[in-house]
Amino acid sequence: MKLLNQYRGLRRELYIVFWGRVVTAMGGLIWPMLTLILKNKLGYSAKEVANLMILVGIILLPCTLIGGKLADRFNKKNIIVICDLVTVAGYLLCAVLPMSRFLVVIFCISGIFAQIESPSYDTLVANLSTQEERERAYSLNYMGMNLGLVLAPTLGGLLFENHLSLAFFISGAATFSSTVLIFFFIKDITPSRNTTVAGQYEEALENASTREVFSTAPVLVLFALCMGFVSALYQIGNGYMLPMTLEQLFGSKGALVLGTLTSVNALVVIIGTPLCTGLFERVKDTGKLLLGELLQMLGFAGVMLAGGRLAVYYASMVVFTFGEILNTLGNKPYITKRVPSSHRGRISSVITVSSMLLQGLCLSFAGFLSERIDLPYIWFGILALGGINLLLLALLRKRDRAQYPLLYQAK
């Protein structure tokens, strides 16, 4: 109970966003299964799966930038509601249409609108919290997303073989209920005022361009590169290689194993997020990012060495998840504490785009290699790239301290 008490005292609207995230995540049955849907239901090869994911990523690039600009210019609540309605319509269409390549197109369009609203969600959480509350606010938001995921992926795995259309319907219904919740109960989105000395880094710069913000703080470019590698490694390892490895070892039952692993991930997030928020409260954002990446690489190493032993996969997922939690607790607050409030959406979207570009390049290479060499060798490459990123994160920590000294003063 003491761990949950740290979330008391936040603005009412943040709790509404939290419950909205919970309900939306309850419908998250499909995305973890996308690789298996393409491979088992539609007969795509490993390379075709990677290429399709790259294509979707390319389409998402301009949409993400548009989403960032919309978040800085217009009512964030309205953007979320409109994008959610389009996403719901796509899910419901997928529920009634027969499995086909056209269905994949509809599903990807739904994902595009979900991506467009993402900067609005992030900036809304930042605007509704002060700098001192920022980490707790994002921690609560992150925990809400995973609270709904505890059973959803396992249910998705059970529905995968014979009742996939029902999974689409549940996803649409859950997302719609979240939309209704946000539309009716979030009334005040006026930004909170920051009273700390370091809050000067968040002061609005109405006439500055996005390029000017980056030029005055070059460490943000290094941060974007590091987060790009973090995101790419996460997507390749957790979103591509893990499903491929499980499918190779367990065949069609790999979907169920993947679903239970995803549920374990969500359960550990729920337990571990408040724990890590409290234990690492005094650790700076860059320190969380460094430790988080190290734990994620240890988790991937466990998957590589598991050799079909289920217990090792679950243990590795626990280690990986604690790394994911620390990365989340460091990532979002890092941006919002250092970027002018007038540019949060745009800067966040630019960093997201850089991450997607690296994801695309790395996925393409992984898809190329997966048809030519054994999967364990690709895992070795992932771990090597993770080692390079650890060095970059150590450099980021050093340069960030010089760029933003007020954020490193003792509380």
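Residues numbered from 1 in each chain as written. Predicted model: local features only at pLDDT ≥ 70, side-chain atom pairs only at ≥ 80, totals over all residues. Heavy atoms only, no water.

Trainee: Which residues make up the packing of helix H5 (residues 76-96) against helix H9 (residues 164-185), and what values go with them?
Mentor: Running from N to C, H5 and H9 cross one another at 160°; their axes reach a closest spacing of 8 Å. In terms of orientation, H5 and H9 fall into the roughly antiparallel class. In the packing of H5 onto H9, the handedness of the crossing is left-handed. Where H5 approaches H9, its residues Lys 77, Ile 80, Val 81, Asp 84, Leu 85, Val 88, Tyr 91, Leu 92, Cys 94 and Ala 95 are matched on the opposing element by Ser 165, Phe 168, Phe 169, Ser 171, Gly 172, Thr 175, Phe 176, Thr 179, Ile 182 and Phe 183. For the contact of H5 with H9, a count of residues per class yields 13 nonpolar, five polar and two charged. (Axes fitted to C-alpha atoms, helices over the stretch in contact; angles between N-to-C directions. Helix = DSSP H or I, 4+ residues; strand = E, 2+ residues; numbered from the N terminus. Parallel < 35°, antiparallel > 145°, perpendicular 65-115°, else oblique. Left-handed = near helix turned anticlockwise from the far one by under 90°. Contact = heavy atoms within 4.5 Å. Nonpolar A, V, L, I, M, F, W, Y, C, P; charged D, E, K, R; others polar.)

Trainee: Tell me about the environment of Ala 217, and please be specific about residues and values.
Mentor: Mapped onto the elements, Ala 217 comes out in the loop between helix H10 (210-216) and helix H11 (219-250). With a relative accessible area of 7%, Ala 217 lands in the buried category. (Buried < 20%, exposed > 50% of the residue type's maximum accessible area, 1.4 Å probe, protein only.)

Trainee: Pulling in residues and values, what's your account of the pattern of salt bridges?
Mentor: The full count for this structure, using the stated rule, is five salt bridges. Lys 337 is the partner of Asp 285 in a salt bridge, and the nearest nitrogen-oxygen pair spans 3.6 Å. One end of the pair, Asp 285, is in helix H13 (residues 285-306); the other, Lys 337, is in helix H14 (residues 310-338), and 52 residues separate them in sequence. With respect to class, Asp 285 is no different from Lys 337; both count as buried. Among the salt bridges present, the one from Arg 338 reaches Asp 400, with a minimum N-O distance of 2.9 Å. With Arg 338 in helix H14 and Asp 400 in helix H16 (residues 375-403), this residue pair connects regions lying 62 residues apart in the sequence. The class of Arg 338 is buried, set by a relative accessible area of 4%. For Asp 400, a relative accessible area of 0% puts it in the buried group. Look at the salt bridges and you will find they share partners, linking Asp 285, Lys 337, Arg 338 and Asp 400 into a network. (Salt bridge = Lys/Arg side-chain N within 4 Å of Asp/Glu carboxyl O.)

Trainee: I'd like a rundown of helix H7 (residues 134-147), residues and numbers included.
Mentor: The terminal C-alpha atoms of H7, which comprises 14 residues, lie 20 Å apart, in line with the 20 Å expected from a rise of 1.5 Å per residue. Within H7, eleven of the 14 residues are buried, which leaves it mostly tucked inside the rest of the structure. (Expected span 1.5 Å × (residues − 1).)

Trainee: Please give an account of the packing of H11 against H13 that cites residues and values.
Mentor: With their axes 12 Å apart at the nearest point, H11 and H13 run at an angle of 25° to one another. If you check the angle between H11 and H13, you find them roughly parallel. The crossing of H11 and H13 is left-handed. Of H13, the residues touching H11 (which contributes Phe 223, Met 227, Val 230, Leu 233, Tyr 234, Gly 237, Asn 238 and Leu 242) are Leu 289, Glu 293, Gln 296, Met 297, Phe 300 and Val 303.

Trainee: I'd like a rundown of the environment of Tyr 334, residues and numbers included.
Mentor: Tracing the chain through its elements places Tyr 334 in helix H14. Distance in space between the C-alpha atoms of Tyr 334 and Phe 223 is 9.2 Å, their sequence separation being 111 residues. Apart from the residues within four sequence positions on either side, Tyr 334 is in contact with Val 219, Leu 220, Phe 223, Asp 285, Thr 286, Leu 396 and Asp 400. Looking at Tyr 334, its side chain comes within polar contact range of the side chain of Asp 400, at 2.6 Å. (Polar contact = N/O pair within 3.5 Å; in protein donor to acceptor, adjacent residues only side chain to side chain.)

Trainee: Can you break down a nonpolar patch on the surface residue by residue, with the values?
Mentor: Together, Leu 85, Phe 176, Val 180, Phe 183, Phe 184 and Phe 185 make up a nonpolar patch on the protein surface, roughly 550 Å² of accessible area in all. Looking at the nonpolar patch element by element, the count peaks at five residues for H9. Assignment of secondary structure puts Val 180 in helix H9. (Patch = residues over 30% accessible without salt bridge, like charges linked within 9 Å, V, L, I, M, F, W, Y side chains within 5 Å. Areas by Shrake-Rupley, 256 points an atom, 1.4 Å probe, with all protein chains shown as cover.)

Trainee: Any details on the nonpolar core? Residues and values, ideally.
Mentor: Within the largest apolar cluster, 86 residues are counted, with the highest numbers of intra-cluster contacts made by Leu 38, Leu 220, Phe 223, Met 227, Tyr 240, Met 241 and Leu 396. Here this core gets 17 residues from one element, more than from any other, and that element is H11. Formed by 20 residues, the second largest nonpolar core is a distinct cluster that contains Val 17, Tyr 121, Ala 137 and Met 143. (Core = buried A, V, L, I, M, F, W, Y, C linked by side-chain atoms within 4.5 Å.)

Trainee: Lay out H9 with the relevant residues and their values.
Mentor: Compared with the 32 Å implied by 1.5 Å per residue over 22 residues, the 32 Å span of H9 between its first and last C-alpha is a close match. Those residues of H9 lying buried are Leu 164, Ala 167, Phe 168, Ser 171, Gly 172, Ala 174, Thr 175, Ser 178, Thr 179 and Ile 182.

Trainee: Tell me about the side chain of Glu 293, and please be specific about residues and values.
Mentor: Positionally, Glu 293 belongs in helix H13. Arg 397 is the oppositely charged side chain nearest to the buried, salt-bridge-free Glu 293, at an N-O distance of 15 Å. Ignoring anything within four residues of it in the chain, the contact list for Glu 293 reads Val 230, Leu 233, Asn 327, Gly 386, Asn 389, Leu 390 and Leu 393. (Lys, Arg positive; Asp, Glu negative; His and termini not counted.)

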